[in-house]
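Residue strings, one per chain:
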Amino acid sequence: MADNVASSKYFLKWTIHITLVLMSFYGVTYSDPYDDNIAFQAGTENQPEFAAAAKPFRYLIYDVNPGEGFNLRRDVYMRIANLVNNLNKDEVWILVLPAWKKMYHWQSKDVGEQTKIRWSTFFDLPSLNHHVPVMEFEDFLMSLPDYSIDEVYHLQRYKEPWTHWSEKMQIEECHEWTGFHERPNGSYWSSFFDFGHDMDITAKKFNCLSIQGHASFIKPFLLQNTTGRSVFIDRAETLLHDRFGNSLYWQARKSMVFAKHLREIGDEYRAKHLDSTDETDKTVMDPDWRKNEKKAGDAKGGPYLGVHLRRKDYVKAHKKHVPSLTYAAEQIENLLQKYKLKKVFVATDAPTNEFSELKSYLKKYKVFRFEPSKEIRMKYKDGGMAIIDQWIVAHARYFIGTHVSTFSFRIQEEREILGFDPETTFNTLCGDDDEECEQPAKWKIVN
Ligand SMILES: Nc1nc2c(ncn2[C@@H]2O[C@H](COP(=O)(O)OP(=O)(O)O)[C@@H](O)[C@H]2O)c(=O)[nH]1
Ligand SMILES: [Mg+2]
């Protein structure tokens, strides 16, 4: 009974917050996230005792090692989202989404600045909000008192190598460059997703925290050892998934629905070039991800082969596992024959000359690559183009990706959500000297 009361309060609290957060997305009204009175007024007339009892809600902001790419960052989001999901069992915490800033792979120079990008450019925020309450960093900043974040913890690994792995954490000296600079007044400046270059954003408190553990291992520390309203966790990739591949993992993953404007561009391309529609491919999805519980084999996929051909830095970095273009073409042709397909869609970061070369080896087939207009590239940048590629390639009848690429992993997950047979999903191109190469583990969805 007590549990029921507690959990219904939890859901009520959360609902209020999501409503407020969503209201701020859609510009319905603007409320100061730091003002509890305002926050708990809306919709609470029938529960005055709840409003009185409510603790102030808190903000968890995070960032990832600057060297990490887009698709590992998506994985870190899942770890933190599930930490926030867990925190919300005890207190209301809102996950502040780290604005996207330029990454190594976002190399286009003709699409305008690729920084301070909102998550809504790439993802559907109401869908994220169905899993945990989220807010864009920019919106959070607008009402942050004095642009001053309360506490920062820069996570780091322990210096000494472990002989026996166990969960542990401790505030220690910083082992490495952190990007935080102490000011004479004792506050700490950092660039905060590049916003700090135009606005003077600082933190009141800064510490390096050596840690080895799963994401929720930091929960008691956040609840008991931090008092700040806003807590920033830097290098959040240091935390491990609580449980990789369980139902909560998949809920977080399913909530990361791509933004509608990107899905629509991908769908239009599928219909125009690949004879692929959701009705014919059996990939009709409910707009509310919580209602989608597809079974393996429900999806048929469009009449094309989907390939993720990772090139650029991977050609050197994973020499043994990334095939030459001739050998990639040979493997593609074998699959086209095996599955009696005439079309292949290639998602790739390959430069134009490499793509033309690949095409020249596959003259008997129709080889496609998404070639967006300048307008679309300007609007949605390199990150948006990568998502459109992932969306199109994920809908193929059969998919083959690149060894250990997180870009390929995210496509595989997308196909699990869509309901493909895992046999058509967990496949990897082999390197030239490794014809019978090891295939990826089948991380099947748990609904
Ligand atoms: N548009 C597009 N971009 C790609 C493709 N493959 C790689 N990229 C780019 O290269 C980056 C690869 O980095 P990351 O996301 O870390 O994946 P990983 O390095 O393959 O594990 C992506 O984020 C994209 O910016 C592709 O097939 N299509
Ligand atoms: Mg990478």
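The preceding data block contains the structure.
A brief look at the structure comes next. (Residues numbered from 1 in each chain as written. Chains lettered and ligands numbered in written order. Predicted model: local features only at pLDDT ≥ 70, side-chain atom pairs only at ≥ 80, totals over all residues.)

Moving on, we come to the environment of lysine 204. Inspection of the secondary structure assignment puts lysine 204 in strand S8 (residues 202-212). On the basis of neighbour count, lysine 204 is assigned to the partly exposed category, with 15 C-beta atoms found within 10 Å. Here the alpha-carbon distance between lysine 204 and valine 152, two residues 52 residues apart in the chain, equals 8.1 Å. Leave out the neighbours within four places in its chain, and lysine 204 touches Ser148, Asp150, Glu151 and Ser187. (Helix = DSSP H or I, 4+ residues; strand = E, 2+ residues; numbered from the N terminus. Buried ≥ 20, exposed ≤ 12 C-beta atoms within 10 Å, placed from the backbone. Contact = placed C-beta atoms within 7 Å.)

Our focus in this paragraph is the nonpolar core. By size, the foremost hydrophobic cluster in this structure holds 104 residues, and its most contacted members are Leu60, Ile80, Val84, Leu95, Val96, Phe123 and Val344. At nine residues, helix H14 (residues 374-394) tops the list of elements feeding residues into this core. No fewer than three residues from each of domain 1 (56-248) and domain 2 (260-424) sit in this core. (Core = buried A, V, L, I, M, F, W, Y, C linked by C-beta atoms within 7 Å. Domains from an automatic or database assignment.)

It is worth spelling out the sheet that holds strand S13 (residues 396-400) at this point. Strand order in the open sheet made by the four strands is S12-S11-S10-S13, with parallel pairing throughout. At either margin of the open sheet sits one strand with a lone partner, and together these are strand S12 (366-368) and S13. Here the strands of the sheet are splayed against their neighbours by 25° on average, with no regard to which way each runs. Pairing of strand S10 (residues 302-309) with strand S11 (residues 343-348), which is carried by five bridges, proceeds in the parallel orientation. Its bridge partner lying in S11, glycine 306 is registered against phenylalanine 345. Its contacts with the sheet place helix H12 (residues 325-338) against S10, S11 and S13, and it is angled at close to 160° to S10. Contacts from H14 reach S10, S11 and S13, with the element oriented near 150° to S11. (Pairing = 2+ DSSP bridges. Axes fitted to C-alpha atoms, helices over the stretch in contact; angles between N-to-C directions.)

For ligand 1, the set of nearby residues contains 18 residues, the closest of which are Gly69, Asn71, Ala347, Ser405 and Thr406. For the shell around ligand 1, the leading source of residues is H14, giving four residues. Among the residues making up the shell around ligand 1, the classes are represented as seven nonpolar, seven polar and four charged. (Near = placed C-beta within 6 Å. Nonpolar A, V, L, I, M, F, W, Y, C, P; charged D, E, K, R; others polar.)

With 21 residues, H14 should cover 30 Å at 1.5 Å per step; its first-to-last C-alpha distance of 24 Å lies more than 12% under that length. When the local axis directions of H14 are compared, the greatest deviation, roughly 105°, occurs at lysine 381. (Expected span 1.5 Å × (residues − 1). Bend = angle between axes of the 7 residues up to and from the residue.)

Sheet faces and side chains relate simply in a regular strand, where the side chains alternate between the two faces. As paired elements, strand S4 (residues 148-156) and S8 share eight bridges and run parallel to each other. Paired with isoleucine 149 across the two strands is alanine 203, which belongs to S8. In this structure, strand S5 (residues 168-172) lies alongside S8, joined through five bridges in antiparallel fashion. Paired with lysine 168 across the two strands is glutamine 212, which belongs to S8.

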